[in-house]
Amino acid sequence: MKSKKYILALDQGTTSSRSILFDRKGEICSLAQREFRQHYPRPGWVEHDPLEIWESQLATAREAIDKLGAQPEEIAAVGITNQRETTVVWDAATGAPVYNAIVWQCRRTADRVKLIWDAGKKDAVQDVTGLIADAYFSASKLEWILDNVPGARERAERGELRFGTVDSWLIWNLTGGAVHATDYTNASRTMLFDIHKLDWDRGLLDYFRIPRVMLPRVLPSGCVYGETQVLGGSIPIAGVAGDQQASLFGQCCFDPGDVKNTYGTGCFMLMNTGTEAVLSRQGLLTTTAAVCAGEKPQYALEGSVFIAGAAIQWLRDELGLVATAPESEQCCRAVEDTGGVYVVPAFSGLGAPYWEPYARGTVVGLTRGTSRNHFVRATVESLAYQSNDLLVAMKKASGLPLRALRVDGGASANDFLMQFQADLSAAAILRPASVETTALGAAYLAGLSVGFWPDRDALRANARAGREFLPALPEEQRIARLRGWGRAVRCAVAWAQEEPEEA
Ligand code: ADP
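Residues numbered from 1 in each chain as written. Predicted model: local features only at pLDDT ≥ 70, side-chain atom pairs only at ≥ 80, totals over all residues. Heavy atoms only, no water.

1. Let's talk about the pattern of salt bridges
Line of reasoning, step 1. Inspection of the entire model under this criterion finds 33 salt bridges.
Line of reasoning, step 2. E302 serves as the salt-bridge partner of R84, at 2.7 Å between the closest nitrogen and oxygen. In this pair, R84 is assigned in the loop between β5 (75–82) and β6 (87–91) and E302 in strand β18 (residues 298–305), connecting sequence segments 218 residues apart. Across the pair, exposure class does not vary: R84 and E302 are buried alike.
Line of reasoning, step 3. The partner of R478 in a salt bridge is E475, with the nearest N and O atoms 3.0 Å apart. One end of the pair, R478, and the other, E475, are both in helix α16 (residues 475–497), three residues apart, so they sit about a helical turn from each other.
Line of reasoning, step 4. The class of R478 is buried, set by a relative accessible area of 16%.
Line of reasoning, step 5. On the accessibility criterion, E475 (41% relative accessible area) is partly exposed.
Line of reasoning, step 6. Ionic contacts of the salt-bridge type, sharing partners, join the residues R84, E85, R189, D243 and E302 into one network. (Salt bridge = Lys/Arg side-chain N within 4 Å of Asp/Glu carboxyl O. Helix = DSSP H or I, 4+ residues; strand = E, 2+ residues; numbered from the N terminus. Buried < 20%, exposed > 50% of the residue type's maximum accessible area, 1.4 Å probe, protein only.)

Here's what the structure looks like:
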């Protein structure tokens, strides 16, 4: 292993493909990135060209290697992390996709999934898959392709087609068509996978009329999947995980009660719940966490805030209250508090734990003295309140004490927000020096599998101290603020529940 210097992480995201070479300290040695096209054939529909996904990914991998002048023999392993749920179907003989990739955001099958709710089957689906039935997940997208691409269903039944999430599609191409596989974390986002038995669920396959022969083999996230055929020498592909689970791993959330929150356009929070799959009917999803071969399966609770950084964009682009997102921090610091104002940015409904799709954005507590700074601060604070709601729901569902909240994503750069989160959640917030936690997670899985790193302690030792934010708000003030937020949310919910008058 001494001659091996690097791990190559392929990070296939929704808008770009990136490749990063990490060294043994987990430091970035080389990075290449390419954006690719988004296709919107109809309102609410989102597609990618699978060949463009593959070609952009391969090009960035070669570019990252070339930039550094690295030799293939110096790369110990390849790790893959990817946009989850996005669905690709291709011909097993030629490798040609039969249709564009249907992207996780695509809503074309929303009416189809509503039938599951109408038939009262929602809880049964959640019991098996851990998911709240939705068009996000791959199942209805795959069914749509089989129903709408001429001849697809017959070809699938004859065993001529393969299905995969983006990880499978990349593995297939990297191995020259030799390997058709996925990992537990990606499989758990298809809504076809039994997360308790760790196998495809016959009942759901029958319900969506999916021939089993087209499905990939499901393996632990950390194990050798095959060898690359396209990067010069052959390098083992040894780590695979969906983006959020990869980031949980990259943040070293290995133990029950470890939580990470990514503050991006929305927030994605995952709590490691250890070997127990905790079920929540409060709008949280249960999903598999990444483990290596030979280890017991691990699970996580997952929740999301729909509007987080997007609320800051709204302040900037629609209201013109700030010129840039980082400027919001100065506004927050210019006032002592929000002057009693709460902004609930429920622009597209409220997610967990309220689950009120018809709620809309609500501002309460305005007075004649309310200033721009108060308003901006209340909006920034809403990211922390919404994240805290998820955290409280996770603690309640799992019964686990919070160990630490690890953060990443664009808005985690806001020190005011991080301190406010620590105050509100009465928890230490840990922000790592490098926020490339998703790619790092894929690299860690691959590196552990091939012995590039001996164990998890070596990974923990890598975690360069970034910044820690400790709670400092007196308890009675914390309670008072949370109570105010609760009242504001009730206003947003009441707005949704009031019958609109007939015109
Ligand atoms: P995504 O991956 O979802 O595109 P990023 O992780 O790149 O998101 O984060 C960008 C988001 O974070 C934007 O919505 C932006 O408004 C917000 N953001 C960036 N910097 C700050 C900041 N200093 N304070 C508050 N919000 C910020």
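The structure having been displayed, the exposition proceeds.
2. Details of the site of the ligand
Line of reasoning, step 1. Around the ligand, the surrounding shell holds 13 residues, and the nearest of these are T265, G309, Q313, G410 and N414.
Line of reasoning, step 2. One of the side-chain N or O atoms of Q313 is found 2.8 Å from an oxygen atom in the ligand.
Line of reasoning, step 3. For the ligand, the accessible surface in isolation is 580 Å², of which the surrounding protein chains cover 67%.
Line of reasoning, step 4. Top contributing element to the shell around the ligand by residue count: helix α10 (residues 309–317), with four residues.
Line of reasoning, step 5. Of the residues in the shell around the ligand, the class split is five nonpolar, eight polar and no charged. (Near = heavy atom within 4 Å. Polar contact = N/O pair within 3.5 Å; in protein donor to acceptor, adjacent residues only side chain to side chain. Areas by Shrake-Rupley, 256 points an atom, 1.4 Å probe, with all protein chains shown as cover. Nonpolar A, V, L, I, M, F, W, Y, C, P; charged D, E, K, R; others polar.)

3. Some details on the sheet that holds strand β13 (residues 222–227)
Line of reasoning, step 1. The six strands are arranged β3-β2-β1-β5-β14-β13 in an open sheet whose pairing can be described as mixed. Lying at the two open borders of the sheet, with one neighbouring strand each, are β3 (28–35) and β13. Going across the sheet, the axis of each strand differs from the next one's by a mean of 25 degrees, ignoring polarity.
Line of reasoning, step 2. Here β13 runs beside strand β14 (residues 236–242); their pairing, made up of three bridges, is antiparallel. Opposite G226, over in β14, you have I237 as the bridge partner.
Line of reasoning, step 3. Sheet strands touched by helix α1 (residues 50–68): β1 (6–12), β2 (16–22), β3 and β5. Its angle to β3, the strand with the most contacts, is close to 150 degrees.
Line of reasoning, step 4. Against the sheet, helix α9 (residues 243–250) touches β5 and β14, its axis set at about 105 degrees to β14. (Pairing = 2+ DSSP bridges. Axes fitted to C-alpha atoms, helices over the stretch in contact; angles between N-to-C directions. Contact = heavy atoms within 4.5 Å.)

4. Focus: the packing of aromatic side chains
Line of reasoning, step 1. Going through the model one piece at a time under the given rule, you end up with 19 aromatic pairs.
Line of reasoning, step 2. With a centroid separation of 5.3 Å and an interplanar angle of 55 degrees, the aromatic rings of Y99 and W144 are classed as tilted. Within this pair, whereas Y99 is found in the loop between β6 and β7 (101–102), its partner W144 is found in helix α4 (residues 138–148), the two being separated by 45 residues in sequence.
Line of reasoning, step 3. An aromatic cluster is present here, built from Y342, Y385, F416, F420 and W485 joined pairwise through their rings.
Line of reasoning, step 4. Just above the ring of F452 sits the side chain of R24; from NZ or CZ to the centre is 4.1 Å.
Line of reasoning, step 5. The cationic tip of R107 hangs over the ring face of Y136; the distance from NZ or CZ to the ring centre is 5.0 Å. (Phe/Tyr/Trp six-rings, centres within 6.5 Å; stacked < 30°, edge-to-face > 60°. Lys NZ or Arg CZ within 6 Å of the ring centre and 35° of its normal.)

5. A word on the pairing of β1
Line of reasoning, step 1. Counting buried residues in β1 gives seven out of seven residues, a clear majority hidden from the surface.
Line of reasoning, step 2. Residues Y6, L8, L10 and Q12 point to one face of β1 and I7, A9 and D11 to the other, with burial holding for every one of them.
Line of reasoning, step 3. Pairing analysis gives seven bridges linking β1 to β5, with the strands arranged parallel. Looking at the pairing, Q12 lines up with N82 of β5.
Line of reasoning, step 4. Relative to β2, β1 runs antiparallel, the two being bridged by six bridges. Bridge assignment links Q12 to a residue of β2, and that residue is S17.

6. Notes on helix α2 (residues 110–118)
Line of reasoning, step 1. Burial in α2 covers these residues: R112, V113 and I116. For α2, the buried positions fall inside an angular range of 95 degrees around the axis, keeping them on one side. Seen from the open side of α2, the exposed residues pointing more than 90 degrees away from its buried face are D111 and D118.
Line of reasoning, step 2. Of the surrounding elements, those touching the buried residues of α2 are α3 (122–129), α4 and α8 (202–207).
Line of reasoning, step 3. Following α2 by one or two positions, G120 adopts a phi angle in the positive range, close to 70 degrees. (Arc of directions from axis to C-beta.)

7. Looking at the sheet that holds strand β15 (residues 258–263)
Line of reasoning, step 1. Reading across from one edge, β17-β18-β16-β15-β21-β22-β23 is the order of the seven strands in this open sheet, with mixed pairing throughout. Either end of the sheet is taken by a strand with one partner, and the two such strands are β17 (285–289) and β23 (467–469). On average, each strand axis in the sheet is inclined to that of its neighbour by 25 degrees, with strand direction left out of account.

8. A closer look at the environment of R108
Line of reasoning, step 1. Residue position: R108 is located in the loop between β7 and α2.
Line of reasoning, step 2. It is 32 Å that separates the C-alpha atoms of R108 and Q298, two residues lying 190 residues apart in sequence.
Line of reasoning, step 3. Excluding residues that lie within four positions of it along the chain, R108 makes contacts with G44, W45, V46, E47, Y99, I102 and W144.
Line of reasoning, step 4. Separated by 2.8 Å, the side chains of R108 and E47 make a polar contact.
Line of reasoning, step 5. Within the structure, the side chain of R108 is placed 3.2 Å from the side chain of Y99, a separation counted as a polar contact.

Read these as spatial facts, not as claims about activity.
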